[in-house]
Amino acid sequence: MSTTTGKAAQPAKVQAGPGTTVSPAAGPKGSRSRRKPSMGVQNMAGWLFSTPFLVLFLVFMAVPIIATLVMSFTDFGLRNVTHPLDANFIGFENYTKLFSDEKFLKSLFNTAYFVVIGVPLTIFLGLVVAVLLNNGIDRARTFFRVGFYAPVVTTIVAVAVVWRFVLDPSDGLVAGLFSEVGLTAPDFLGSEKLAMPSMIAMAVWRNLGTVMVLFIAGLQAIPTEVREAARLDGANIWQEFKGITVPLLRPTLLYATVITTIGYLNVFEEPFVMTQGGPSDSTLTVSLNMYREGFNFFHMGYASAMAYVLFVVIMGITVLQLRLLKDNTK
Amino acid sequence: MSATSAPGAVSTAPSKKSGDTGRQNGGKQPRSLKRVLVYVLLSLGLLIMSAPFLWMALSAFKTTNELTASPPVWIPTEWTLDNFRNLLDKLDLPLYFMNSVIVAVLVTVSNLVFCSMLGYALAKLRFAGRNKIFGLVLGALMVPGNLMLLPLFVLMSKMGLIDSYAGLVLPFAAGAFGVFLMRQFMQSIPDELLEAARMDGAGEWYIFWRIVMPLVKPALATLSIFTFLGSWNNFVWPLIATNDPDKYTLPVALATFATDPNKAGGSNGMLMAGSFLIVLPVLVVFIALQRHFTQGIATAGMK
């Protein structure tokens, strides 16, 4: 892929110079020069085909991204929704306030907790299921794959409502199982200690399928010759897994880890439906905190600062993961 | 058991593989034993995975007595539709269903058109700035949606689009994921085909609609499924962009109902009935089209 973009970059750069429609400047690179006349047409067509996306991108993404940044330096409040330009610049006040705001720090901690436990669990279990499905299962493979993937496609709000009832201390599924063996189930979502682990369990349940599908595709891309060679050399199952499967799955592992981490850092629906952030803020995540500050209390400048802190954290972690997991392949 | 089942296992497996495994393990039974173990583990996993769905489906048809019975009643002894009736009395589900469908259809159609257009330009047209636009698309893939919520709300309020379909659709009308997916697929179309059409005097618009689009139908199917589902399941933006309950989408209506103690009246039966009605169509569509799902994810992940 890198070679094709590299090639394409050369004519593009040449053309970007003065006089885009002047053809002598275009396509000096050998074989393509024959098609000089149509280059101008493609320039025009290229931009026309790009316009709808670019307009939508500009209005609903680029401008809001910058606007969030600007808002984070203002005291943007409810009255500014109708008069946005009346908001006052207050410098870094929102940001300094954030880092002495215990509620925000707690939400930051909760989100980190969710990610640090949830991501490795999801990746590990997804990998286990993928390896199991790739080993000796041929008949019921589709059946299992569909079953493990099903939670991914379901509406998260509905699923959160279901899980709230599954974990219900008196009438829930888990409570029922506990009572069958003569135990009393704890109030999972009502306990400060158990609420977050319960939510992690649900997230793992819901997202394991995505990771599994990615790993199955990755596993199938490993040539059977490589495995057979290892077996001929006397590698046992564990050695084969460690020496061949894991290293060759590294690109998949990287991608799965990055998308799972980004998703988990933004966790919102689960606490919104299941606990409303409680008990005593033990499941309040950054996104939920931001939503409340922004749309319940209309502290929109302050909420914007939260959004940016989360964004910077997400970018930082993504870059870090790309570095960590990529360097090892060399 | 091992002695009798081993030959069977060997004969089904490719001969060279079974020979190797047999040699290093000193016996042939681990292969079939392993297979049984794999099936047991997977079945156990699948049971856990499907338990919440089964619980939801069964509970939706239980009477109030059986919902709160202790010891618990697993399978309802008398199936009832009361939960659904009571829910429909309290929530105008057909309305929310229509809202969800309209928004999802509009989002899907606009993504199919706009993402394919840019995907075609990025894959098959050489023009100044192409790489910059592709960089933009890749960058947009990484930006979390929550970052834009606050100004988007202000923007939509100013435009008077709160509580409107346009307000729900426009922010999702052209997703970066769709562009990326379509570009990947369109790159595999041979250039010669397009060159030949150009030689015959076909314009780019004609080539795009009449030649390229029919060739990428599988990708369009994948994109429709993902976009429709993404919109169907979307929660945060519809929650923010609607104040009027008549404009709620299904997830917003269910979440509002479930988190308002006055409305739900503590009835888990009604909530399970509501979840059942939202989840069932999605599951049916997924099972019918499951091949597209896994292919789409794998394609997007591999590139």
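Bear in mind that the values here come from a model prediction, so they are computed numbers and not experimental data. (Residues numbered from 1 in each chain as written. Chains lettered and ligands numbered in written order. Predicted model: local features only at pLDDT ≥ 70, side-chain atom pairs only at ≥ 80, totals over all residues.)

## Examining the overall build of chain A
Argument step 1. Looking only at helices and strands, chain A features 14 helices and zero strands.
Argument step 2. Looking at chain A residue by residue over its 330 residues, the buried ones come to 42%.
Argument step 3. Taking the intrachain contacts of chain A between residues at least 6 apart in sequence as the baseline, contacts between residues at least 24 apart amount to 63%. (Helix = DSSP H or I, 4+ residues; strand = E, 2+ residues; numbered from the N terminus. Buried ≥ 20, exposed ≤ 12 C-beta atoms within 10 Å, placed from the backbone. Contact = placed C-beta atoms within 7 Å.)

## Looking at the overall build of chain B
Argument step 1. Scanning chain B from terminus to terminus reveals 18 helices and zero strands.
Argument step 2. For chain B, the proportion of its 303 residues judged to be buried stands at 40%.
Argument step 3. Of the contacts formed within chain B by residues at least 6 apart in sequence, a portion of 72% connects residues at least 24 apart.

## Observations concerning the interface of chain A and chain B
Argument step 1. Of the residues lining the interface, 88 residues belong to chain A; the matching set on chain B comes to 82 residues.
Argument step 2. Here the element with the most residues in the side of chain A that touches chain B is helix α2 (residues 36-71) of chain A; it accounts for 20 residues.
Argument step 3. The residue makeup of the side of chain A that touches chain B, split by class, is 57 nonpolar, 25 polar and six charged. (Nonpolar A, V, L, I, M, F, W, Y, C, P; charged D, E, K, R; others polar.)

## Let's talk about the nonpolar core
Residues and elements named next belong to chain A.
Argument step 1. With 157 residues, the main nonpolar core has Val-161 and Met-212 as its most contacted residues.
Argument step 2. At 15 residues, helix α8 (residues 195-220) tops the list of elements feeding residues into this core.
Argument step 3. Setting aside residues up to four positions removed in sequence, Met-212 forms contacts with Gly-126, Val-129, Ala-130, Phe-148 and Tyr-149. (Core = buried A, V, L, I, M, F, W, Y, C linked by C-beta atoms within 7 Å.)

## Let's talk about the environment of Leu214(A)
Argument step 1. With respect to the helices and strands, the residue Leu214(A) is situated in helix α8.
Argument step 2. With 146 residues separating them in the primary sequence, Leu214(A) and Thr68(A) have C-alpha atoms 34 Å apart.

## Things to note about the UniProt feature "transmembrane region" (unreviewed entry) in chain B
Residue and element names in this part refer to chain B.
Argument step 1. This chain's UniProt record puts "transmembrane region" (unreviewed entry) on residues 36-58, 96-121, 133-153, 165-186, 207-229 and 270-289.
Argument step 2. Here residues 36-58 runs as 100% helix and 0% strand, with 30 Å between its end C-alpha atoms.
Argument step 3. The span residues 165-186 is 73% helix and 0% strand, and its two end C-alpha atoms sit 31 Å from each other. (UniProt positions renumbered as here; feature names shortened; annotations may be inferred.)

## Quick look at the packing of helix α4 (residues 102-133) of chain A against helix α11 (residues 250-265) of chain A
All names here are of chain A.
Argument step 1. Where α4 meets α11, the closest approach of the two axes is 9 Å, and the angle between their N-to-C directions is 145°. Considering only the axes of α4 and α11, their crossing is right-handed. On α11, the residues touching Thr-111, Phe-114, Val-115, Gly-118, Val-119, Thr-122, Ile-123 and Gly-126 of α4 are Ala-256, Thr-257, Thr-260, Thr-261, Tyr-264 and Leu-265.
Argument step 2. Along the lines of polarity and charge, the residues of the contact of α4 with α11 split into seven nonpolar, seven polar and no charged. (Axes fitted to C-alpha atoms, helices over the stretch in contact; angles between N-to-C directions. Left-handed = near helix turned anticlockwise from the far one by under 90°.)

## Some remarks on unusual backbone geometry
Argument step 1. We note that Gln276(A) has phi near 55°; this positive angle belongs to a residue other than glycine.
Argument step 2. Locating Gln276(A) in the fold gives a position in the loop between α12 (269-274) and α13 (286-296).
Argument step 3. On the basis of neighbour counts, which here come to 13 C-beta atoms within 10 Å, the residue Gln276(A) falls in the partly exposed class.
Argument step 4. For Asp163(B), which is not glycine, the phi torsion reads 65° and is therefore positive.
Argument step 5. Along the chain, the position of Asp163(B) falls in the loop between α8 (149-158) and α9 (165-169).
Argument step 6. Assessed through the 16 C-beta atoms surrounding it within 10 Å, Asp163(B) is described here as partly exposed.

## Description of α13(A)
Residue and element names in this part refer to chain A.
Argument step 1. Of all 11 residues that make up α13, eight are buried, and the element is covered over most of its length.
Argument step 2. The set of residues buried in α13 consists of Val-286, Ser-287, Leu-288, Asn-289, Met-290, Tyr-291, Glu-293 and Gly-294.
Argument step 3. Looking one or two places after α13, you find Phe-298, whose phi comes out positive at around 55°.

## Notes on the UniProt feature "transmembrane region" (unreviewed entry) in chain A
Argument step 1. The sites that UniProt annotates as "transmembrane region" (unreviewed entry) are residues 44-71, 112-134, 146-166, 203-222 and 297-320 of chain A.
Argument step 2. When the span residues 146-166 of chain A is considered, its composition is 90% helix and 0% strand, and the gap between its end C-alpha atoms is 22 Å.

## Remarks on helix α6 (residues 156-166) of chain A
Argument step 1. With 11 of its 11 residues buried, α6(A) lies for the most part within the structure.
Argument step 2. Among the residues of α6(A), those classed as buried are Ile156(A), Val157(A), Ala158(A), Val159(A), Ala160(A), Val161(A), Val162(A), Trp163(A), Arg164(A), Phe165(A) and Val166(A).

## Overview of the confidence of the model for chain A
It should be kept in mind that the predicted coordinates are not to be read in detail where pLDDT is low.
Argument step 1. Predicted confidence across chain A gives a mean pLDDT of 83, with 85% of residues reaching 70 or more.
Argument step 2. Within the model, pLDDT remains below 50 along residues 1-39 of chain A, and this stretch shows 39 contacts once partners closer than five positions in the same chain are excluded. (pLDDT = per-residue confidence, 0-100.)

## Concerning the packing of helix α6 (residues 93-124) of chain B against helix α13 (residues 217-233) of chain B
Residues and elements named next belong to chain B.
Argument step 1. Between α6 and α13, the shortest axis-to-axis distance is 8 Å and the interhelical angle comes to 140°. In terms of crossing hand, the pair formed by α6 and α13 is right-handed. Mapping the contact onto sequence places Ser-100, Val-103, Ala-104, Val-107, Thr-108, Asn-111, Leu-112 and Cys-115 in α6 and Leu-220, Leu-223, Ser-224, Thr-227, Phe-228, Ser-231 and Trp-232 in α13.

## So, the confidence of the model for chain B
Argument step 1. Averaged over all residues, the pLDDT of chain B is 84; the fraction at 70 or higher stands at 84%.
Argument step 2. The model gives residues 1-28 of chain B a pLDDT under 50, and that stretch makes 19 contacts with residues more than four places away or in other chains.

## Observations concerning the environment of Val313(A)
Residue and element names in this part refer to chain A.
Argument step 1. Inspection of the secondary structure assignment puts Val-313 in helix α14 (residues 300-327).
Argument step 2. By the C-beta count within 10 Å, which is 16 here, Val-313 ends up partly exposed.
Argument step 3. Residues Val-313 and Val-157, spaced 156 residues apart in sequence, show a C-alpha to C-alpha distance of 26 Å.

## A few points about the environment of Val162(A)
Argument step 1. Within the element layout of this structure, Val162(A) appears in helix α6.
Argument step 2. Distance in space between the C-alpha atoms of Val162(A) and Met274(A) is 9.3 Å, their sequence separation being 112 residues.
Argument step 3. Not counting residues up to four positions away in its chain, the partners in contact with Val162(A) are Pro52(B), Met56(B), Met272(B) and Ser275(B).

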